[in-house]
There are 4 protein chains.
Amino acid sequence: MITARGDAGRRLVDVAPEYRVTRVLEVPDPASVSAGDFAAVCYPHADAAPLVAELIDRGARVLDVSADHRLHDAALYPPVYGFAHPRPDLLAEAVYGLPERHREDIRGARLVANPGCFPEASILALLPLAGELADVVIDSKSGVSGAGRTPTATVHFSHAADNVSAYKVYAHRHRPEIEQELGVDVTFTPHLVPVDRGLLSTCYARLTGETPHIDDLRERYRAFYAGHPFVEVVEEPPGMRAVQHTNYAQVCPMVDPRGGRITAFGVIDNIGKGAAGQAVQNLNLMAGLPETEGLL
Amino acid sequence: MITARGDAGRRLVDVAPEYRVTRVLEVPDPASVSAGDFAAVCYPHADAAPLVAELIDRGARVLDVSADHRLHDAALYPPVYGFAHPRPDLLAEAVYGLPERHREDIRGARLVANPGCFPEASILALLPLAGELADVVIDSKSGVSGAGRTPTATVHFSHAADNVSAYKVYAHRHRPEIEQELGVDVTFTPHLVPVDRGLLSTCYARLTGETPHIDDLRERYRAFYAGHPFVEVVEEPPGMRAVQHTNYAQVCPMVDPRGGRITAFGVIDNIGKGAAGQAVQNLNLMAGLPETEGLL
Amino acid sequence: MITARGDAGRRLVDVAPEYRVTRVLEVPDPASVSAGDFAAVCYPHADAAPLVAELIDRGARVLDVSADHRLHDAALYPPVYGFAHPRPDLLAEAVYGLPERHREDIRGARLVANPGCFPEASILALLPLAGELADVVIDSKSGVSGAGRTPTATVHFSHAADNVSAYKVYAHRHRPEIEQELGVDVTFTPHLVPVDRGLLSTCYARLTGETPHIDDLRERYRAFYAGHPFVEVVEEPPGMRAVQHTNYAQVCPMVDPRGGRITAFGVIDNIGKGAAGQAVQNLNLMAGLPETEGLL
Amino acid sequence: MITARGDAGRRLVDVAPEYRVTRVLEVPDPASVSAGDFAAVCYPHADAAPLVAELIDRGARVLDVSADHRLHDAALYPPVYGFAHPRPDLLAEAVYGLPERHREDIRGARLVANPGCFPEASILALLPLAGELADVVIDSKSGVSGAGRTPTATVHFSHAADNVSAYKVYAHRHRPEIEQELGVDVTFTPHLVPVDRGLLSTCYARLTGETPHIDDLRERYRAFYAGHPFVEVVEEPPGMRAVQHTNYAQVCPMVDPRGGRITAFGVIDNIGKGAAGQAVQNLNLMAGLPETEGLL
């Protein structure tokens, strides 16, 4: 069953023609959900939390694509998202849906929180170094599809094309999510770039230990990501085209030959590994299906 | 004096930063206009007509950038623009503001109607052949700035980028304007292309007389446009880049070596020669200034 | 076996990373081909013909992706492609690889000629009306990937972005192919648009018989394309986004309410239905596989 | 006199049509240069140095647009540019052509070195803080025109469009230039973005002294840039569109409310303030003309 609020009664193909799915969108009805059912919730933040709670309470296993269960610390919701979280118990229980970090927990979870797009690329870029990171700066470049479907002055072609600019400097909601998973403070600056789909994070950091040789660093990344089917460790700074229309992420660590600092790149399709693809991967894990099922 | 309705009280630089003009936008006040003043009216169609009438009646000389005085036939306004024209006398008097066709009339006119962007490129492409044209097909490609500043689903970057499609097929309001000035029926299809500024019309026609040799045709165009400072006759199909950010138009006639049909290209910056640049050129003529004053 | 000339010895993934295929490209060796084998040839025109002939003579069944067997009339090769065709017998035998027109012949053919990208979109747009067409003008807009991988001034981002222009006016090699399949002379103008993948043909024509009502025309298209899995008849002018990264074509016929002329749109992904996707569809038919196998 | 090597004998309008300058490009002839003449040299690095030396020795005053006189330390030329500099005396004498830093020296200089595009945006973003900077990371995004006119795989539309990637990580030649002018080591990462003209540097730093309040920081920038006609201090992160087709730079300092780090943005048109516009500004100063002459 596929549901929608504003678009209920329309066929999916008329809302999103590229999927060629003619099924009619139904009105969401939590009462029709039974114990053991799976549900993916794609509501705006603050709206999602009550629905997720109801579904969980009815015995469903839920993937929340919104931001409402990504942060474990309930105290962050008022300042960051502007609402008091109704169910801190579910915040405590929810598993952050990054399989490269929490795969086993995702498999058995009742509630999985699908990551934000910026955190997805940024955390993957730095994850093999978690615990040793200091002085982290993350400079991210996002395609316009990350801004959502609502037409605004910012996403008007005559503004977004031929343009690059930063936004929400020091104030973007994805920062706490990155800090939670990497366990370190970060300076995070998102930029909008004239691309439809794609998100590149350029991550600068110092390591608390010895700075490794590039060969060792790369080997460490390869060892870390062995067995993770959707992360590719590459040797040249990756571009968005390498992952567009897929669920792949590419990561690339580099070491400053003058010493002191490392740079790690992470690139994803923000609609793929950064949203819907990651959601399918998580649902596959939750349901005991092959992790790559239905994904390119 | 620069006026605005929704933006009155703001500085122009805050509405359109690229012009770096700090003057404050004032509330329009027709009563402040005296005989002999010049006024340029950029209201939406139907809104412009009453204001233009009031300004003319106060003795001003008016350039109407809207569509409200482009068509001489009042009977066209209800079906094409959805309103009955309040002042057919002004429709009859208004000069169509294409200097390459009506320069002397523009100089002395009380009321000049600035052309639409599609007609500007299309008429210039075919004007040297007016009176001999038959079986005209005009296939136009417009940059997104031609769609206006209002954010809509159509101009969302994620829709407009990487995309080309036709719109308002057989139903675009600029067709009657082209037919009026060229004196012939046309089939006209506008397309939206992922470009900010630029408009290219590819015009197909047969000639009622002998089909000329390409050298003669080109020579005829050159002779026609000699003395017109903003039209360049070129030998290769022109691209939008040749005229962006200028008031130039480039036109290029070609002859089918198999006989029978000619193709003529016309390209402009839709914001330049297709709108604001053309407006300045018309105001220059009306005010007795050098025609090229203030224009690139 | 996947072969290459310049890139032999490299892994496919290093030449075209987006396919993630690690197999090594081998040196082409026609002698390794046996009777009953299938071969797809992607050589430049003039180079392909001798290789195709050798493969056919060895008993292989060949899909020629080049232009070397698209035209049945050998006399066209010198003026259009600049070489005398070495095997007019194969020209006579080759089936034009448009399943919507020649499906049954493709199934049993020894030699199938994969269509050009412009013909693919243009013929599909007009095919239900073949035999009744007159006065045809085809105005096509092609994404830059259609220009091939060789870097040139034309495909430099700083030239192709923010730009639209026509090229090879009255001189493009795809025109004779369109005329062969539709059985009528056409005026054809290709344009380059700032899109990576996508090709839209806007086709203008008169019908030799009565001009139909739009409902009847659309019904006729639907009946014609029923049973063709990759052609969708739509009611609004289609855009490139509807078919990008797929093997679908969308076609849309429209009738001028003032009478006399019809307009038909055809849109494809020039790399999908316009090249590689169409090739897979043809190979599926030749090999007796399901027509849609391996295609999105 | 305008000269060229490969294009000598052609009209400028045929090489760069957008300038509409019909003068014929002449063969460079240093012997025609007299004492007191001005010369702008736009040769590739290593080629420029001998020509500049000859012109200087003939008494000309030279603006070198190449990189050959930007670095004062001759020892940097072999590792960074791959050649031993022939005239360390001219390196010592050359003034770095950033008027916001060296205006008075530029006015009287015999030899001015026009800055690189990345340094231009990056230095302007941080210049008011020079002497107090530490731990500097500069993440730059450059439009494709910065890569030059030569067609390569990197600038092919089908590679550059819909894409962002870093290049020459830890190895770009503009880093030493930034370090020379700011007097501090920097980590510098250039990225290519799908924009024609525009360059944005996002600069992260700590200050050796107290971190200021944002109001004080902004005031300091405003005071610093008062009297510099082409630098605008803005309060929101600036986008490329604000400066395209102009000689303006916009800079925007921001302070992390959590303390410790500042972020400063600098944006220019890489062909304007980042190259040709800056060159005209420098020539104006050298020649005693108004600094803004001929510039938008």
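Residues numbered from 1 in each chain as written. Chains lettered and ligands numbered in written order. Predicted model: local features only at pLDDT ≥ 70, side-chain atom pairs only at ≥ 80, totals over all residues. Heavy atoms only, no water.

Turning next to the overall build of chain A. Within chain A, the regular secondary structure consists of ten helices and eleven strands. In summary, chain A has a C-alpha radius of gyration of 19 Å against a globular reference of 19 Å for 296 residues, a match within 12%. Counting only residues that meet the buried cut, chain A has 59% of its 296 residues in that class. Excluding contacts between residues fewer than 6 apart, the proportion of contacts in chain A whose partners are at least 24 apart in sequence is 65%. Element-wise, carbon and sulfur atoms account for 53% of the exposed surface of chain A, whose accessible area totals about 11,100 Å². The average position of the 27 basic charges and that of the 38 acidic charges among the side chains of chain A differ by 3 Å. (Helix = DSSP H or I, 4+ residues; strand = E, 2+ residues; numbered from the N terminus. Rg over C-alpha atoms; globule rule 2.2 N^0.38 Å. Buried < 20%, exposed > 50% of the residue type's maximum accessible area, 1.4 Å probe, protein only. Contact = heavy atoms within 4.5 Å. Areas by Shrake-Rupley, 256 points an atom, 1.4 Å probe, with all protein chains shown as cover. Lys, Arg positive; Asp, Glu negative; His and termini not counted. Charge placed at Lys NZ, Arg CZ, Asp CG, Glu CD.)

Okay, the interface of chain B and chain C next. Contact with chain B, which involves 47 residues of that partner, is made by 47 residues of chain C. For the pairing of chain B and chain C, the buried interface totals around 3,500 Å² over both sides, and the portion due to carbon and sulfur atoms is 52%. Taken as a group, Tyr170(B), Arg241(B) and Arg258(B) account for 20% of the area that chain B buries against chain C, more than any other trio of residues on that side. Our enumeration of links across chain B and chain C arrives at ten salt bridges. Remark: the boundary between chain B and chain C carries 36 residue pairs in polar contact (both at pLDDT 80 or more). (Buried area = accessible area lost by both parts, 1.4 Å probe. Salt bridge = Lys/Arg side-chain N within 4 Å of Asp/Glu carboxyl O. Polar contact = N/O pair within 3.5 Å; in protein donor to acceptor, adjacent residues only side chain to side chain.)

What follows deals with the pairing of strand E8 (residues 199-207) of chain A. For a regular strand, side chains alternate in direction, first toward one face of the sheet and then toward the other. All names here are of chain A. Burial analysis of E8 places eight of its nine residues in the buried class, the great majority of the element. The sheet contact formed by E8 and strand E11 (residues 262-268) spans seven bridges and is antiparallel. Residue pairing for E11: Cys203 is matched across the bridge by Ala264. (Pairing = 2+ DSSP bridges.)

Before going further, it helps to spend a moment on the interface of chain D and chain A. Each side of the interface is counted separately: chain D has 47 residues, and chain A has 47 residues. Approximately 3,500 Å² of surface area, both sides summed, lies buried where chain D meets chain A, with 52% of it carried by carbon and sulfur atoms. It is Tyr170(D), Arg241(D) and Arg258(D) in chain D that bury the most area against chain A; as a group they hold 21% of the surface buried on that side. Taking the shortest distance from any N to any O, the salt bridge between Arg258(D) and Glu179(A) comes out at 2.6 Å. Where chain D touches chain A, the interface holds 38 residue pairs in polar contact (both at pLDDT 80 or more). Elements with a minimum of two residues in the side of chain D that touches chain A: strand E5 (133-142), helix H7 (157-160), strand E6 (165-166), helix H8 (175-182), strand E7 (186-192), strand E8 (199-207), strand E10 (249-255) and strand E11 (262-268) of chain D. Broken down by element, the side of chain D that touches chain A gets its largest block of residues, six residues, from E5(D).

Right, let's get into the sheet that holds E8(A). Residue and element names in this part refer to chain A. What the seven strands build is an open sheet, ordered E6-E7-E5-E8-E11-E10-E9; its pairing is mixed. Two strands in the sheet have a free side with no partner beyond their single neighbour: strand E6 (165-166) and strand E9 (231-233). Of the pairings in the sheet, the one linking strand E5 (residues 133-142) to E8 comprises eight bridges and is antiparallel in character. Among the inter-strand pairings, Ser142 is bridged to a residue of E8, identified as Leu199. The strands touched by helix H9 (residues 214-225) within the sheet are E9, strand E10 (249-255) and E11, with E10 carrying the most contacts at an inclination of about 155 degrees. (Axes fitted to C-alpha atoms, helices over the stretch in contact; angles between N-to-C directions.)

This next bit is on the pattern of salt bridges. The full count for this structure, using the stated rule, is 103 salt bridges over all chains. Between Glu235(B) and Arg222(B) there is a salt bridge, with its nearest N and O atoms 2.8 Å apart. A residue pair is termed long-range when its members are at least 10 positions apart, and Glu235(B) in the loop between strand E9 (231-233) and strand E10 (249-255) and Arg222(B) in helix H9 (residues 214-225) qualify at 13 residues. Here Arg222(B) falls in the partly exposed class, since its relative accessible area comes to 34%. Put simply, Glu132(D) and Arg220(D) hold a salt bridge, and the shortest N to O gap is 2.2 Å. Separated by 88 residues along the polypeptide, Glu132(D) in the loop between helix H6 (117-126) and E5 and Arg220(D) in helix H9 (residues 214-225) bring together distant segments of the chain. Glu132(D) gets classed as partly exposed once you look at its relative accessible area, which sits at 24%. Given a relative accessible area of 32%, Arg220(D) falls into the partly exposed group. Linked through salt bridges whose partners overlap, the residues forming this network are Asp135(A), Arg206(A), Arg261(A), Asp135(D), Arg206(D) and Arg261(D).

Further remarks concern the sheet that holds E9(B). All names here are of chain B. Here we have seven strands laid out as an open sheet, ordered E6-E7-E5-E8-E11-E10-E9, and mixed in their pairing. Whereas interior strands pair on both sides, the edge strands pair on one side only; in this sheet they are strand E6 (165-166) and E9. Here E9 runs beside E10; their pairing, made up of three bridges, is parallel. By the bridge assignment, Val231 is partnered in E10 with Ala249. Each of strand E5 (133-142) and strand E7 (186-192) is contacted by helix H8 (residues 175-182), which is oriented at about 135 degrees to E7, the strand it contacts most.

Take the domain arrangement of chain A next. Residues and elements named next belong to chain A. The domain architecture assigned to chain A consists of domain 1 (12-115 + 275-287) and domain 2 (117-270). Spacing between the C-alpha centres of domain 1 and domain 2 amounts to 24 Å. Across the interface of domain 1 and domain 2, roughly 1,800 Å² is buried in total on both sides, 48% from carbon and sulfur atoms. In terms of surface lost to domain 2, no three residues of domain 1 exceed Tyr96, Glu100 and Arg101, which account for 29% of the buried area on that side. Between the two partners, domain 1 and domain 2, sit two salt bridges. Run the count over domain 1 and domain 2 and you get twelve residue pairs in polar contact (both at pLDDT 80 or more). Sorting the residues of the side of domain 1 that touches domain 2 by element identifies helix H3 (77-81), helix H5 (99-108) and helix H10 (272-287) as the ones contributing at least two each. (Domains from an automatic or database assignment.)

Residues and elements named next belong to chain A. In terms of residue burial, helix H2 (residues 48-57) counts as a mostly covered element, since seven of its ten residues are buried. Taken residue by residue, H2 has Ala48, Ala49, Leu51, Val52, Ala53, Leu55 and Ile56 as its buried positions. Summarising the contacts, the buried residues of H2 are in contact with strand E1 (38-41), strand E2 (61-64), helix H4 (88-93) and strand E4 (111-113). Backbone geometry just downstream of H2 places Gly59 in the positive-phi region, at approximately 95 degrees.

Residues and elements named next belong to chain A. Mapped onto the elements of the fold, Phe118 is located in helix H6 (residues 117-126). Along the primary structure Phe118 and Leu25 are separated by 93 residues, whereas in three dimensions their C-alpha atoms are 29 Å apart. Discounting residues that sit within four places of it in the chain, Phe118 has contacts with Ser140, Ser142, Tyr167, His172, His174, Phe188, Pro190, Leu199 and Ser201.

A separate point is the relation of the copies chain D and chain A. Of the two same-sequence chains, chain D is brought onto chain A (RMSD 0.0 Å, axial shift 0.0 Å) by a rotation of 180 degrees. Overall, the copies show the geometry of a two-fold rotation axis. Considering only C-alpha atoms, the residue of chain D closest to the rotation axis is Pro194(D), which sits at 3.2 Å. The overlap is high: 100% of the interface residues of chain D also sit at the interface in chain A, so the same surface is used on both sides. (Least-squares fit on C-alpha atoms with pLDDT ≥ 70 in both.)

Residues and elements named next belong to chain D. Counting buried positions along H8 gives seven out of eight residues, so the element sits mostly inside the fold. Looking only at H8, the buried set comprises Arg175, Pro176, Glu177, Ile178, Glu179, Glu181 and Leu182. Along its buried surface, H8 packs onto helix H3 (77-81), strand E3 (95-96), helix H5 (99-108), H6, E5 and E7. Just beyond H8, the residue with positive phi is Gly183, at close to 70 degrees.

Further remarks concern the confidence of the model for chain A. Summing up the model confidence of chain A, the mean pLDDT is 96 and the portion of residues at 70 or higher is 100%. Quick note on the complex model: pTM equals 0.97, ipTM equals 0.96. (pLDDT = per-residue confidence, 0-100.)

Overlaying chain B with chain C gives an RMSD of 0.0 Å, the required rotation being 180 degrees about an axis along which the chain moves by 0.0 Å. Here 100% of the interface residues in chain B have copies in chain C that are interface residues too; the copies meet face to matching face.

To continue, consider the side chain of His85(D). Residues and elements named next belong to chain D. With respect to the element layout, His85 can be found in the loop between H3 and helix H4 (88-93). Among the residues examined, His85 registers a relative accessible area of 9% and is labelled buried. A polar contact of 2.7 Å, which involves the side chain of His85, links it to the backbone oxygen of Asp68. Residues in contact with His85, not counting those within four places in the same chain, are Ala49, Asp68, His69, Tyr77 and Leu91.

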